[in-house]
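Listed below are the residues making up each chain.
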Amino acid sequence: MEVSPRAALIIASLFEKATGQLLSQDRFWRIGTTLSPFCRARGIDSFDRLALTLERSSDPELSLDMIDALLNNETSFFRDAVVFSHIADQILPQIAANRQREKRIRVWSAACSTGQEAYSLAMLFAEQGDRWNGWKIEILGSDISRSAVQQARGGLYTQFEVQRGLPIRQLIAWFDPVLDQGWRAKPALTSVVTFTRHNLLGPPPAGGRFDLILCRNALLYFSPERRHQLLEGLSLALASDGALLLGAGETALGNSTRFISDPVAQTVYRAAAYTGLSNAA
Ligand SMILES: C[S@@+](CC[C@H](N)C(=O)[O-])C[C@H]1O[C@@H](n2cnc3c(N)ncnc32)[C@H](O)[C@@H]1O
């Protein structure tokens, strides 16, 4: 199906309004490839008709579904394995030492897509059982995508999804097979993880500051202004001695003065106020 320039502009502006993500003209092709099957499945015969319905706001469900379809939800278990080793060996022991008195730890997997990142974190905790005995562990996964959050809550993954990044030993230990459907996360994982729909450009989730925030592979499609706004929000959500992890190709440098990159692990950031250092935006 052909996308007229007018329809593309309406769809891109609705997408930007809802998510803050830019769908620039050189990426308008994504509208055609992603939304053609979407329209066909709903009996919508042209992008102009889709745009008209969206413009009239006559079908809010359609608009939410369309936004979900345009989002890039690419993720996998233990994505960037070296990052998870660093969390397990360096970051978690440090948090454990700092929170010895409270014995409470809060972790936020922001823009978690379908939840693999949050469950990977839950497995790290479960596998360090002795260290966390008697602790209250809270892992919050959040994403703007309604369908992604729904899948994350169910904790059910296809064979294809578990084959991406999840070693067989951990699959057997932490997931139960579900006939003809795949694998479901066991209560040992689901009991420490909750999921919510959340826009990174809005106020941080309630419940107090987080000791560790992962916000990986989400900054890419935001404008510099939005990135700045998003990092301001993350700085308000992070405990003063907490750690923020961004994706491999992402940086807070030049986007925020609130964070200092860890000299050893480049994608790990600390609050600038905590380190006493500053960083030019
Ligand atoms: C490529 S996935 C990354 C998932 C995971 N963090 C990882 O690294 O594997 C990017 C996620 O960002 C989410 N996202 C995009 N804009 C968002 C926003 N404004 N607020 C919250 N999540 C958003 C998308 O829905 C998508 O699930």
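None of these values were measured; they are calculated from a predicted model.

(A) Up close: the packing of helix 1 (residues 5-19) against helix 3 (residues 47-55). Taken N-terminus to C-terminus, the directions of helix 1 and helix 3 make an angle of 40°; their axes are 9 Å apart at the nearest point. Between helix 1 and helix 3, the interaxial angle falls into the category oblique. The interaxial crossing formed by helix 1 with helix 3 has left-handed handedness. Only Phe47, Asp48, Leu50, Ala51, Leu54 and Glu55 of helix 3 make contact with helix 1, whose side of the interface consists of Arg6, Ala7, Ile10, Ile11 and Leu14.

(B) Local environment of the nonpolar core. Formed by 58 residues in total, the largest nonpolar core has its most connected members in Ala122, Ile213, Cys215 and Leu244. Those residues in contact with Ala122 that sit more than four places away from it in its chain are Ile139, Leu189, Val192 and Val193. Val3, Ile31, Ala51 and Leu54 belong to the second largest nonpolar core, which has 17 residues in total.

(C) Layout of the domain arrangement of the protein chain. Here the protein chain is partitioned into domain 1 (5-70) and domain 2 (81-275). One C-alpha centre belongs to domain 1, the other to domain 2; they are set 30 Å apart. In this assembly, six residues from domain 1 lie in contact with nine residues from domain 2. In terms of residue class, the side of domain 1 that touches domain 2 is built from two nonpolar, three polar and one charged.

Each value, and the rule that gives it
- Residues numbered from 1 in each chain as written.
- Predicted model: local features only at pLDDT ≥ 70, side-chain atom pairs only at ≥ 80, totals over all residues.
- Axes fitted to C-alpha atoms, helices over the stretch in contact; angles between N-to-C directions.
- Helix = DSSP H or I, 4+ residues; strand = E, 2+ residues; numbered from the N terminus.
- Parallel < 35°, antiparallel > 145°, perpendicular 65-115°, else oblique.
- Left-handed = near helix turned anticlockwise from the far one by under 90°.
- Contact = placed C-beta atoms within 7 Å.
- Core = buried A, V, L, I, M, F, W, Y, C linked by C-beta atoms within 7 Å.
- Buried ≥ 20, exposed ≤ 12 C-beta atoms within 10 Å, placed from the backbone.
- Domains from an automatic or database assignment.
- Nonpolar A, V, L, I, M, F, W, Y, C, P; charged D, E, K, R; others polar.

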